[in-house]
Amino acid sequence: MEPLCIPQKNTQTLHIDSDYTFRTGDTLYFTVKNKPDNDQTDADAVVTKQWAYGTDCNYDNEGYLALPLSETDTDIDFGEYVFDIKLVNSEVATTIIFGQLNILPVSTLRA
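First, a word on scope: everything that follows refers to the structure included in this document.

## Observations concerning the overall build of the protein
- On a plain count of helices and strands, the protein comes out with 0 helices and 8 strands.
- Secondary structure elements of the protein occur, N-terminal to C-terminal, as β-β-β-β-β-β-β-β.
- The C-alpha atoms of the protein give 14 Å as radius of gyration, which agrees with the globular expectation for 111 residues (13 Å, within 12%).
- Here the protein holds 111 residues, and the buried ones make up 29% of them.
- Looking at the protein alone, contacts between residues at least 24 apart form 62% of all its contacts between residues at least 6 apart.
- Here the protein holds 7 positive side-chain charges and 18 negative ones, and the gap between their average locations is 6 Å.

## Side note on the environment of W51
- Inspection of the secondary structure puts W51 in strand β4 (residues 47-52).
- For the pair W51 and F30, spaced 21 residues apart in sequence, the C-alpha separation works out to 8.4 Å.
- Once you skip the residues sitting within four places of it in the chain, W51 turns out to touch D26, T27, L28, F30, D56, C57, L67, P68 and L69.
- At a separation of 2.9 Å, a polar atom in the side chain of W51 contacts the main-chain carbonyl oxygen of P68.

## So, the pairing of strand β6 (residues 65-69)
- Most of β6 sits inside the fold, with 4 of its 5 residues counted as buried.
- As paired strands, strand β2 (residues 12-16) and β6 are joined by 5 bridges and run antiparallel to one another. Its bridge partner lying in β6, I16 is registered against L65.
- Two elements, strand β5 (residues 58-59) and β6, share 2 bridges in a ladder whose sense is antiparallel. Residue N58 lies in a different strand from β6, and its bridge partner there is A66.
- What sits between β5 and β6 in their antiparallel hairpin is a turn of 5 residues, with G63 showing a positive phi close to 90°.

Thresholds, definitions, all that
Each chain has its residues counted from 1, following the order in which its sequence is written. With pLDDT at 70 or above as the cut-off, local features in this predicted model cover only qualifying residues; side-chain atom pairs require 80 or more to be listed or tallied, and sums for whole chains, interfaces and linings still use all residues. Where side-chain values are given, they derive from all heavy atoms of the structure, hydrogens and water being excluded. Where helices and strands are cited, they refer to DSSP runs of H or I of at least four residues and of E of at least two residues respectively, numbered from the N terminus. Restricting the calculation to C-alpha atoms gives the radius of gyration, and the globule rule supplies 2.2 Å times the number of residues raised to the power 0.38. Residue exposure (1.4 Å probe, protein chains only): buried if accessible area is under 20% of the type maximum, exposed if over 50%, otherwise partly exposed. Here a residue-residue contact requires only that any non-hydrogen atoms of the pair lie within 4.5 Å. Only four residue types enter the tally: Lys and Arg on the positive side, Asp and Glu on the negative side, with His and both chain ends excluded. For charged residues, the charge sits on one atom: NZ in Lys, CZ in Arg, CG in Asp, CD in Glu. In protein, a polar contact means a hydrogen-donor-capable atom and an acceptor-capable atom, both N or O and within 3.5 Å, with residues adjacent in sequence counting only if both atoms are side-chain atoms; elsewhere, any N or O pair within 3.5 Å suffices. The criterion for strand pairing is that DSSP finds at least two bridges linking the strands in question.

Set out below in structure tokens:
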């Protein structure tokens, strides 16, 4: 799997293709860490983000689940990280995507 690459301090929308049909009540958790660990609290995460389907995220015009990230969500040091996105609802708690995240250095950091 190719790494997910995001320029530092930039807005980004993650587009997720899944066989699962997302519905109201689904929560998605995005966690970024320097390296995998077994900490149940995710205290070492450098990014924690969550979306509620139907409120914070929806399907885009092409049928992908669109998960928006803000400039502050990507305001971490450039480098290599690990990430995952976990789907949680009353029936499941499953990781739907995971891999390497590269935060890319950019020249313009002011907003």
